[in-house]
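# Observations on chain architecture
Take a look at the letters that make up each chain.
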Amino acid sequence: MKHFKSVSAVLAVLAALSCCAPAPKDQPEHSSAVSSMSDASEPDTSSAPEAPAGPLLAGRAPNLKPFPCEQGTGPEQVVEQLSQLTGWDLTLSRPPVPKGDGLSVSFAPESSLFAGPPNPQKDQFHVFDAQDLVYSILDSVSASLQSVCGVSEVYFTAADGGDLQFEAGGYAFVFPAGQPYEVDVPQGTASAGYIRHTIRFPAYQGGRTEANAKIYDIPPFQLSIDLPDSWTVRNPDEELYSIPTTPVEFYEGDALAGSAGYHIFKIPEGIDERTAAFYRGVYNQIMLGSRATWDIEYTPISETESSLTATCYAGYVPADEADGQPAEEEEWVRRQAILSYNTDLLVYVAIAFGETEIPEEQWQAIAKSVQIEPL
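Small disclaimer: the values here were computed from a predicted structure and weren't measured. (Residues numbered from 1 in each chain as written. Predicted model: local features only at pLDDT ≥ 70, side-chain atom pairs only at ≥ 80, totals over all residues. Heavy atoms only, no water.)

### Observations concerning the packing of helix H2 (residues 75-86) against helix H4 (residues 130-149)
Here H2 crosses H4 at 130°, and the two axes come no closer than 10 Å. Between H2 and H4, the angle falls in the class oblique. In this structure, H2 meets H4 at a crossing whose hand is right-handed. Here H2 contributes Pro75, Val78, Val79 and Leu82 to the contact with H4, which in turn contributes Ser140, Val141, Ser144, Leu145, Val148 and Cys149. (Axes fitted to C-alpha atoms, helices over the stretch in contact; angles between N-to-C directions. Helix = DSSP H or I, 4+ residues; strand = E, 2+ residues; numbered from the N terminus. Parallel < 35°, antiparallel > 145°, perpendicular 65-115°, else oblique. Left-handed = near helix turned anticlockwise from the far one by under 90°. Contact = heavy atoms within 4.5 Å.)

### A short note on the sheet that holds strand E12 (residues 255-264)
The antiparallel open sheet is built from seven strands, whose spatial order is E10-E11-E12-E16-E15-E14-E13. Each edge of the sheet is formed by a strand with only one pairing partner; in this case those strands are strand E10 (231-234) and strand E13 (292-303). Here the average twist between neighbouring strands, direction ignored, is 25°. Here E10 pairs with strand E11 (residues 245-252) via four bridges, running antiparallel. Its bridge partner being in E11, Val233 is matched across the sheet by Phe250. Along the sheet, helix H8 (residues 360-369) contacts E13, strand E14 (307-316), strand E15 (333-342) and strand E16 (347-353); its crossing angle with E14, the most-contacted strand, is approximately 135°. (Pairing = 2+ DSSP bridges.)

### A closer look at H4
An ideal rise of 1.5 Å per residue puts 28 Å on 20 residues; H4 measures up with 28 Å between its terminal C-alpha atoms. Of all 20 residues that make up H4, 18 are buried, and the element is covered over most of its length. Here H4 starts with a cap whose side-chain oxygen sits 3.2 Å from the backbone nitrogen of Gln131, and that cap is Asp129. Residue Gly150 follows H4 closely and has a positive phi angle near 80°. (Expected span 1.5 Å × (residues − 1). Buried < 20%, exposed > 50% of the residue type's maximum accessible area, 1.4 Å probe, protein only. Polar contact = N/O pair within 3.5 Å; in protein donor to acceptor, adjacent residues only side chain to side chain.)

### Points about the pattern of salt bridges
Overall, the coordinates contain six salt bridges when judged by the stated rule. The partner of Asp272 in a salt bridge is Arg274, with the nearest N and O atoms 2.8 Å apart. (Salt bridge = Lys/Arg side-chain N within 4 Å of Asp/Glu carboxyl O.)

### Let's talk about the environment of Ile264
As for its placement among the helices and strands, Ile264 is situated in strand E12. Spatially, the C-alpha atoms of Ile264 and Ile215 are 6.5 Å apart, while their sequence positions differ by 49 residues. Not counting residues up to four positions away in its chain, the partners in contact with Ile264 are Lys214, Ile215, Ile218, Gln285, Leu346, Val347 and Tyr348.

### Observations regarding the nonpolar core
Grouped together as the largest cluster of nonpolar side chains are 54 residues, with contacts concentrated most on Phe250, Tyr283, Trp294 and Tyr298. Here the element with the most residues in this core is E16; it accounts for seven residues. Filtering out sequence-adjacent residues up to four positions away, Tyr283 remains in contact with Tyr298, Leu308, Leu339, Ser340, Tyr341 and Tyr348. Grouped together as the second largest cluster of nonpolar side chains are 39 residues, Leu56, Leu64, Phe67 and Val79 included. (Core = buried A, V, L, I, M, F, W, Y, C linked by side-chain atoms within 4.5 Å.)

### Focus on H2
For H2, with twelve residues, the first-to-last C-alpha span of 17 Å sits near the 16 Å given by 1.5 Å per residue. Among the twelve residues that make up H2, ten are buried, leaving the element largely enclosed by the rest of the structure. Regarding H2, the residues found buried are Pro75, Gln77, Val78, Val79, Gln81, Leu82, Ser83, Gln84, Leu85 and Thr86. Residues of H2 that are buried in the fold lie against strand E1 (56-58), strand E2 (65-67), strand E4 (102-105) and H4.

### Notes on the side chain of Ser224
Its place among the elements puts Ser224 in strand E9 (residues 221-228). You can call Ser224 buried: its relative accessible area is 1%. Among residues more than four places away in sequence, those in contact with Ser224 are Arg196, His197, Thr198, Ser369, Val370, Gln371 and Glu373.

### Some details on the state of the cysteines
What we call a disulfide is simply a covalent bond connecting the sulfur atoms of a pair of cysteines. Enumeration over the complete set of coordinates arrives at zero disulfides. Residue Cys149 stays outside any disulfide, its sulfur separated by 7.6 Å from that of Cys69, the closest cysteine. Cys149 sits in the buried class, given a relative accessible area of 13%. (Disulfide = S-S within 2.5 Å.)

So, in C-alpha cells, the structure goes:
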C-alpha cells in the first residue's frame, strides 16, 4: 500500500484497504514499530504447542497486561521476548526444564532479579523498589509461560535446583524449589479476543525531509491499543511521507485490515474545547477537505484531562467520480475510523479500517482502549 502527500490521496488509499492483493507467501516479514520483539535465538521448540495458548503477560499481578508473542513459543523464546519488551535482564542460568506439570526456571546472577532494574527503566514497566521488581519479574515470567506454553505450573529455583533465596533492597526472599509459584493468570487478553499492542511514533524516518522535519523530530510517544487477537502490526512496504504520518498497518493473515498514523497540532486559541470548531482545528489537515474528510459522524467515546478519543468515518469521493459535481451529490466512500488527540503531547493518532465493516462492539472496544503516552 502506498502512502501519499495529500489528505485527499491518503483518504483515497483507504479504498484500497480491502482490494490490495494478498501478500505473496514468500514475502519477508516487515520490521514493526510495535514495542516488542526483535529476532530471538532459535532454540529447539519441538516440545512447544504449534499454536500459542495466549499472549505474553507483563507487569505485576493483578494488573498484568497482554502483549503479542511473535517470535516463537518455546520457553526460552518467551523469556527472551519478555526481556526485550520490559527492558529487564532475564538471563537464565540454564534453559527451563520440565518439572511435574510445569517448568523449572533459574535466573543467572547478572539478571535483573539479582542485579536490579535497568537504568533508565521503561515507563510502562517502571518498578519502585526491589520487592516490586522481584514480583513483577516472577509474575510476568510465570504468567507468560503458562499463557503461551500451556504449562500449568512454574517453579523458580536456584542454579543448583535448590530453594531460591536472596536479599535485595532490604528485603529477604525465599521461594521453595518444590512449591509452584502462585500468580493469577488473566484469562484471555485485555478483553476476551484482543491483544494489547504498543506502537511507537514516529514509527520510522522514511519520508523525512528538511521541510517536514519538525513532524519527525518530536519526542517519541506510544500508542497503546487493543486489536483483535488474529491481527498483527507491521510497517508498510514503502516508508514515505503522508498525513497521517509514518503509518503502520494492521493485517489479519495476509489481508490488510487497517492502518494508524500520527500528526502534530497546535491548540486552537480562543475556542471552547467542547465545540466542533476545536476538534476540527486539531485535525485540520484531515477534516477540512470538500471531497475528503474524517469529519463524518464524529462521536466522542472517552475523555481525560488531556485527551479525547472519538469514532468517526473517513470519507472521500473516488478520483474517477470527482467529475465537478457538488460534493454532496457525488458517491462517497466511507471507512470506519478512530481519532484521538493529546493536548499535553500535541499529537494525534488517526486509525482507519478496511472496506468490510468491523462489528460495532469491536469498533467501540478498540476505540475505548486507545491511550497516547510519552516514552
